[in-house]
Amino acid sequence: PRRKALASPFTGGVRDACRQEDALTVRHADECSATGCRTIRPLAIVRTGQRLVALVRCCLRNEFRKFRLDRLQAVEKAVQWFRPCSGFFVADLS
């Protein structure tokens, strides 16, 4: 039987931001439990094994990044919004 992905209280908010093209400000923990804050532009949520991962454009690094939803500590809608442009689609990740 297929196991359920780890739940996150922020999954719905990130999914809505993908659909509505909203930027988000997130507080997250990395693999060493260090916390950080970023503004991201979420493009999709994918499942990798038992984890849900947001594929995003990170505004700080201006690069595509992955954020595990189970490591998010806070999510709020950023003041800005975005429209995807060239080099800004999930297909551009490869």
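Further up the page is the structure itself.
Source: prediction; values computed, not measured. Note on numbering: residues in each chain are counted from 1, in written sequence order. This being a predicted model, a pLDDT of at least 70 is required before a residue's local features are given, and a value of 80 or more before pairs of side-chain atoms are given or counted; all residues contribute to the totals for chains, interfaces and linings. Computation of side-chain values: all heavy atoms of the structure, hydrogens and water removed.

Caption draft 1: Fine view of the nonpolar core. By convention a nonpolar core is built from buried Ala, Val, Leu, Ile, Met, Phe, Trp, Tyr and Cys residues, the set being connected through side-chain atoms within 4.5 Å. Per-residue accessibility, obtained with a 1.4 Å probe over protein chains only, is compared with the maximum for each type, and a residue is labelled buried under 20%, exposed over 50%, and partly exposed between these values. Core analysis: the biggest nonpolar cluster contains twelve residues, these being F10, V14, A17, L24, V26, I40, L52, A54, V56, F67, L69 and L72. Note on conventions: DSSP H or I runs of at least 4 residues are helices, E runs of at least 2 residues are strands, and numbering of each starts at the N terminus. Listed by contribution, the elements that provide at least two residues to this core are helix 1 (11-20), strand 1 (22-29) and strand 3 (51-58). Tallying contributions element by element places strand 3 first for this core, with three residues. Once residues lying within four places of it in the same chain are set aside, the contact partners of L72 are F10, V14, V26, R27 and H28. We call two residues contacting when some pair of their heavy atoms lies within 4.5 Å.

Caption draft 2: Structural context of the pattern of salt bridges. For salt bridges, the criterion is a side-chain nitrogen of Lys or Arg within 4 Å of an Asp or Glu carboxyl oxygen. Going through the model one piece at a time under the given rule, you end up with four salt bridges. R65 is paired through a salt bridge with E63; the nearest N and O atoms lie 2.9 Å apart. Overall, R65 belongs to the partly exposed group, its relative accessible area being 30%. With relative accessibility at 40%, the residue E63 sits in the partly exposed group.

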